[in-house]
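Architecture at a glance
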Amino acid sequence: MELIGSPLQLASAVLVNLIGLLLTLRAGRMLGVRPARAMMLYAWHSLFCLAYALYATENGADALVYYMKAQQGEFMAPFGTGAVVNIATLFVTGLNLSFLGACLLFNIFGAIGLVAFDASLQAATADKSRMLRRFVTLIVLLPSISFWSSALGKDSLAFMAAALALFASLDMGRRVVLLALAIFVMALVRPHIAGIMVIALAGSLVLQRRLPLGQRLFLGTAALAATAAMVPFALTYAGLGDASGADDIMNYVEHRQSLNTEGGSSVDIASMSLPLQLFSYLFRPLPFEAGSIFALAASMDNVVLIFLAIAACGQMFRRRKLAGNRAFMWFYCLLTWLILAITTANLGIAVRQKWMFAPILIYLFISLMGRSRTRQPSTRMKMQSRNALAAAQPYSGVIEP
């Protein structure tokens with residue numbers, strides 16, 4: 001398949017790219033990201049979109065299947081793969097988009113997610129050292145994030161949903177609408193992950209003390225109602241709608257693992273213990289396991305993740321004031337990580353699917369690292385300041401008690 005079939009398709013691809021730039025700049029303003037930085041992130045993300053399109057045409061990918069269905073004007077069920085095909089069909093048939101143009105269309109979603117991720121990490125390091133803030137910029141530019149979230153497929157929408165949920169959870173009281181939008185987008189492509197997101201939200205509101213009681217009651221009731229409505233649907237979508245006990249669930253897990261053994265990785269996660277499954281899902285492949293240039297790039301990203309995890313663990317028990325609904329973040333990350341790790345046997349799938357929760361986990365790691373540049377003065381410094389102030393005041397002739 002060709003990237004661009006005709007001059008008209010080239011023009012439509014350029015148009016989509018320009019519209020994507022404008023939308024990303026608009027999203028950057030809403031999220032508090034400077035226009036120049038948002039433009040840089042969009043350009044970076046678009047380069048990986050081009051790289052993915054070239055890779056897909058040479059090696060094959062699910063994106064090609066989605067594009068061919070869209071070319072035929074096919075509409076499917078509105079969730080999962082169907083959501084991707086339906087969105088692509090609307091624009092591919094309406095604008096006569098080439099495969100590159102369709103990839104650039106979904107590149108917009110991933111770029112907006114990248115800007116939201118950057119805004120969240122900038123907020124986490126606003127009062128920390130310049131070195132840590134520069135390191136955060138390098139994290140945002142990790143190749144795996146932009147490569148997988150720029151593709152025509154579910155990963156771009158899922159990454160955007162996760163990043164928007166992260167940004168919304170930093171001030172959930174004022175960003176409820178944004179959080180609802182994130183859950184809706186996730187439900188379109190990964191209903192079972194959206195179900196986990198709603199469960200995490202409901203659980204976090206029980207522990208949330210910063211919100212006024214009225215808001216907690218309203219949001220908690222809404223989250224419970226959404227959980228009751230979404231979880232059965234998510235279970236049905238995932239294949240557990242008829243499960244009646246632990247045996248059915250174990251059979252489902254074994255079935256999912258067998259489906260994922262055939263893929264781009266020879267590492268068998270299914271045969272490992274649970275701790276090794278969790279480690280392998282998030283932190284592998286390692287550099288010495290890389291068998292291709294793409295695996296090597298992913299392994300370098302994993303080295304950064306391992307460093308973040310170790311550095312954050314060293315600061316885990318320090319008492320500090322931390323922003324955002326962290327209970328929601330931890331619930332969502334740990335539940336998603338656990339479920340995906342035990343139902344995925346192929347590292348090739350794990351490399352891209354972990355970005356549905358890894359941005360939030362990275363934020364949690366970063367927020368625990370470094371020290372604030374504006375620390376509270378010690379007791380000795382307070383006493384010195386008080387004595388200096390008293391010495392500077394004129395004597396009034398009155399003896400203080």
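Shown above is the structure to which this text applies.
First things first, this report covers the structure right here in the doc. (Residues numbered from 1 in each chain as written. Predicted model: local features only at pLDDT ≥ 70, side-chain atom pairs only at ≥ 80, totals over all residues. Heavy atoms only, no water.)

1. Quick notes on the environment of Ala53
- Within the secondary structure layout, Ala53 lies in helix H2 (residues 35–59).
- Sequence-wise, Ala53 and Leu152 are 99 residues apart; in three dimensions their C-alpha atoms are separated by 8.7 Å.
- Those residues within four positions of Ala53 in sequence are excluded, and the remaining contacts are Leu3, Phe99, Leu100 and Cys103. (Helix = DSSP H or I, 4+ residues; strand = E, 2+ residues; numbered from the N terminus. Contact = heavy atoms within 4.5 Å.)

2. Comments concerning the nonpolar core
- Within the largest apolar cluster, 116 residues are counted, with the highest numbers of intra-cluster contacts made by Phe99, Phe117, Leu152, Met186 and Tyr332.
- Looking at this core element by element, the count peaks at 17 residues for helix H5 (residues 99–124). (Core = buried A, V, L, I, M, F, W, Y, C linked by side-chain atoms within 4.5 Å. Buried < 20%, exposed > 50% of the residue type's maximum accessible area, 1.4 Å probe, protein only.)

3. Focus on the packing of helix H8 (residues 154–169) against helix H9 (residues 176–189)
- Between H8 and H9, whose axes approach to 8 Å, the crossing angle comes to 160 degrees. Classified by the angle between their axes, H8 and H9 sit roughly antiparallel to one another. Judged by the twist between their axes, the crossing of H8 over H9 is left-handed. Across the interface between the two elements, Lys154, Leu157, Ala158, Met160, Ala161, Ala162, Leu164, Ala165, Phe167 and Ala168 of H8 pack against Leu178, Leu179, Ala182, Val185, Met186 and Val189 of H9.
- Classifying every residue of the contact of H8 with H9 gives 15 nonpolar, no polar and one charged. (Axes fitted to C-alpha atoms, helices over the stretch in contact; angles between N-to-C directions. Parallel < 35°, antiparallel > 145°, perpendicular 65-115°, else oblique. Left-handed = near helix turned anticlockwise from the far one by under 90°. Nonpolar A, V, L, I, M, F, W, Y, C, P; charged D, E, K, R; others polar.)

4. A word on the side chain of Ser12
- Relative to the helices and strands, Ser12 resides in helix H1 (residues 7–31).
- Classification of Ser12 by relative accessible area gives buried; the value is 9%.
- Leaving out residues up to four positions away in the same chain, Ser12 has contacts with Leu95, Asn96 and Leu97.

5. Topic: the pattern of salt bridges
- On inspection of all chains with the given rule, the structure shows six salt bridges.
- Glu74 is the partner of Lys69 in a salt bridge, and the nearest nitrogen-oxygen pair spans 3.8 Å.
- The partner of Arg190 in a salt bridge is Asp155, and the shortest N-O contact between them spans 3.5 Å. Note that Arg190 is positioned in the loop between H9 and helix H10 (191–207) and Asp155 in helix H8, a separation of 35 residues in sequence.
- Judged by relative accessible area, Arg190 falls into the buried class, the value being 7%.
- Judged by its relative accessible area of 12%, Asp155 is buried. (Salt bridge = Lys/Arg side-chain N within 4 Å of Asp/Glu carboxyl O.)

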